[in-house]
Amino acid sequence: MGKNKDPRHVAIIMDGNGRWATHRGLTRSTGHEKGTLNIQNVLRAFSDRGVAFVTLYAFSTENWNRPQSEVDSLMSLTVSSITEQLDQLNSEGIKITHLGEKFSLPTDVKQAIKRCESLTSSNEKLVLNIAFNYGGRTEIVKAVKQLLEENPHPEEITEEHISSRLYTKEIPDPDMIIRTAGEMRLSNFLIWQSAYSEYYSTNTLWPDFDESDVAEALDEYSKRTRKFGEL
Ligand code: IPE
Ligand code: IPE
Ligand code: MG
């Protein structure tokens, strides 16, 4: 089996903003703010290597369990960083989509997400999926509920029935999952879709993750042999 070409879809667990800030005696929200600043450069670096889909894990269904002040700052930071970066992302041909539950989000966050999706919907250079209020288990439960409402014959249910009812129904499965800040877990991210993804963890904290980390991750990916259970 030959070496891998560059991946088509890269999904990133952007972790370590809090540690980045704490190491510098700064507030955790300063870390989150810094974490949003490198997104455009990272996207450009992936795009230059032919990656067509990038998914960023920005807020999990479990992140609601953080102190209210941190949740509030993550919500307002999301709105302000979208407001600041949307025109630039749009001019670079990036199509933005949201993965997750919109229903329970504050109105201004919902509106900001809607603005991103509608302004960029016909862009074709790269698809940026923002996983926000995203949880893999919730996603699967939602798909199963939808399927049951359609009243299928149990013996006819296939994997495709589930896949086509996930938030990611229009997106190929991730070829590679990158996690920054050294942890070795998925934290409820794309648990169905990552069945055969190549997993890569780096100690670099998300605010420090740059073009050279992108190159390193893609280099590692190119050395992996994907077997999908075959010999
Ligand atoms: C990742 O950084 C961003 C979110 C989860 C929203 P963290 O806030 O988890 O940073 P650490 O893990 O505390 O360093
Ligand atoms: C995962 O990071 C969620 C995001 C990056 C949005 P966490 O920091 O929330 O994950 P755990 O709690 O360490 O597993
Ligand atoms: Mg963390």
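Everything in this summary refers to the structure shown in the same document. (Residues numbered from 1 in each chain as written. Chains lettered and ligands numbered in written order. Predicted model: local features only at pLDDT ≥ 70, side-chain atom pairs only at ≥ 80, totals over all residues. Heavy atoms only, no water.)

**Quick look at unusual backbone geometry**
Threshold: In DSSP terms, a helix is any run of H or I states spanning at least four residues, a strand is any run of E spanning at least two, and both are numbered starting from the N terminus. Using a 1.4 Å probe on the protein chains alone, a residue whose accessible area is under 20% of its type maximum counts as buried, one over 50% counts as exposed, and one in between counts as partly exposed.
The phi dihedral of Asn133 is positive, around 55°, even though this residue is not glycine. Relative to the assigned elements, Asn133 resides in strand β4 (residues 126-134). Phi is positive for Phe228, close to 50°, though the residue is something other than glycine. With respect to the element layout, Phe228 can be found in the segment after α8 (211-223). Owing to a relative accessible area of 45%, Phe228 belongs among the partly exposed residues under this scheme.

**Thoughts on α8**
Here is the rule: The span you would expect from a helix comes to 1.5 Å times its residue count less one. Each direction from the helix axis to a C-beta atom contributes to the arc, which is the arc of those directions. We call two residues in contact when some of their heavy atoms are within 4.5 Å.
Look at α8: 19 Å from first C-alpha to last across 13 residues, which is about the 18 Å you get at 1.5 Å a residue. Taken as a whole, α8 has its buried residues at Asp213, Val214, Ala217, Leu218 and Tyr221. The buried side chains of α8 occupy one side of the element, clustering within an arc of 135° when seen end-on. Its buried side turned inward, α8 meets α3 (39-48), β5 (176-179) and β6 (198-201).

**Some thoughts on the pairing of β6**
The following threshold applies: For two strands to count as paired, DSSP must find a minimum of two bridges between them.
Because side chains alternate across β6, one face comprises the buried residues Glu198 and Tyr200, and the other comprises Tyr199 and Ser201, none of which is buried. Where β5 and β6 come together, four bridges link them in parallel fashion. The residue of β6 that forms the bridge with Arg179 is Ser201.

**Considerations on the site of ligand 1**
Inclusion rule: Any residue with at least one heavy atom within 4 Å of a molecule or strand is counted as near it. N or O atoms closer than or at 3.5 Å make up a polar contact, with two conditions inside protein: a donor-capable atom paired with an acceptor-capable one, and, for residues adjacent in sequence, both atoms drawn from side chains. Only the protein chains shown count as cover for residues, with accessible areas throughout obtained via the Shrake-Rupley method and a probe of 1.4 Å.
The environment of ligand 1 is made up of Met14, Asp15, Gly16, Asn17, Gly18, Arg19, Arg28, His32, Ala58, Asn63, Arg66 and Leu74. The backbone of Gly18 places a nitrogen or oxygen atom 3.0 Å from an oxygen atom of ligand 1. With the chains in place, 86% of the 380 Å² that ligand 1 exposes on its own is no longer accessible. For the shell around ligand 1, the secondary structure elements donating two or more residues are α1 (17-23) and α2 (28-37).

**Observations regarding the site of ligand 2**
Note the following rule: Gly falls in the polar group here, along with every residue not listed as nonpolar (Ala, Val, Leu, Ile, Met, Phe, Trp, Tyr, Cys, Pro) or charged (Asp, Glu, Lys, Arg).
Taken together, Ile13, Met14, Asp15, Tyr57, Ala58, Phe59, Asn63, Arg66, Arg179, Arg185 and Ser187 make up the full set of residues adjacent to ligand 2. In the environment of ligand 2, an oxygen atom lies 2.8 Å from a nitrogen or oxygen atom belonging to the side chain of Arg185. Protein contacts shield 78% of the accessible area of ligand 2, which totals 390 Å² for the unbound molecule. In terms of residue class, the shell around ligand 2 is built from five nonpolar, two polar and four charged.

**Quick word on the nonpolar core**
To keep it simple, the criterion reads: Residues grouped as a nonpolar core are buried Ala, Val, Leu, Ile, Met, Phe, Trp, Tyr and Cys residues, joined through side-chain atoms within 4.5 Å.
Counting 38 residues, the largest nonpolar core has Ile12, Leu43, Phe46, Val54, Leu128, Met176 and Ile178 as the members making the most contacts within it. Element by element, the count of residues in this core is highest for helix α4 (residues 68-91), at seven residues. When neighbours within four sequence positions are excluded, Phe46 is seen to be in contact with Val10, Ile12, Val51, Val54, Ile178, Val214 and Leu218. Ala11, Tyr57, Ala131 and Leu190 belong to the second largest nonpolar core, which has 13 residues in total.

**Details of the packing of α3 against α8**
Between two packed helices, the angle of one axis relative to the other and the distance separating the axes together describe the packing. Heads up, the condition is: Each axis is a line fitted through C-alpha atoms, and for a helix only the stretch in contact is used; angles between axes span 0 to 180 degrees, taken between their N-to-C directions. In what follows, roughly perpendicular refers to angles from 65 to 115 degrees, roughly parallel to angles under 35, roughly antiparallel to angles over 145, and oblique to any angle outside these ranges. Here a crossing is taken to be left-handed if its near helix is turned anticlockwise relative to the far helix by less than a right angle, and right-handed if that turn runs clockwise.
Between α3 and α8, whose axes approach to 9 Å, the crossing angle comes to 40°. Compared by their axis directions, α3 and α8 come out oblique. Once α3 is placed against α8, the crossing between them reads as right-handed. Contacts from Asn41, Val42, Ala45 and Phe46 in α3 reach Glu211, Val214 and Leu218 in α8. Looking at the contact of α3 with α8 residue by residue, the class counts come to five nonpolar, one polar and one charged.

**Brief notes about the sheet that holds strand β1 (residues 9-13)**
Ordered by their spatial adjacency, six strands build an open sheet running β3-β4-β2-β1-β5-β6, and the pairing between neighbours is parallel. Every interior strand has two partners, whereas the edge strands, β3 (94-99) and β6, have only one. Geometrically, the sheet is characterised by an average inter-axis angle of 20° between neighbouring strands, direction not taken into account. Pairing analysis gives four bridges linking β1 to β5, with the strands arranged parallel. Residue pairing in the sheet places Ile13 in a bridge with Arg179 of β5.

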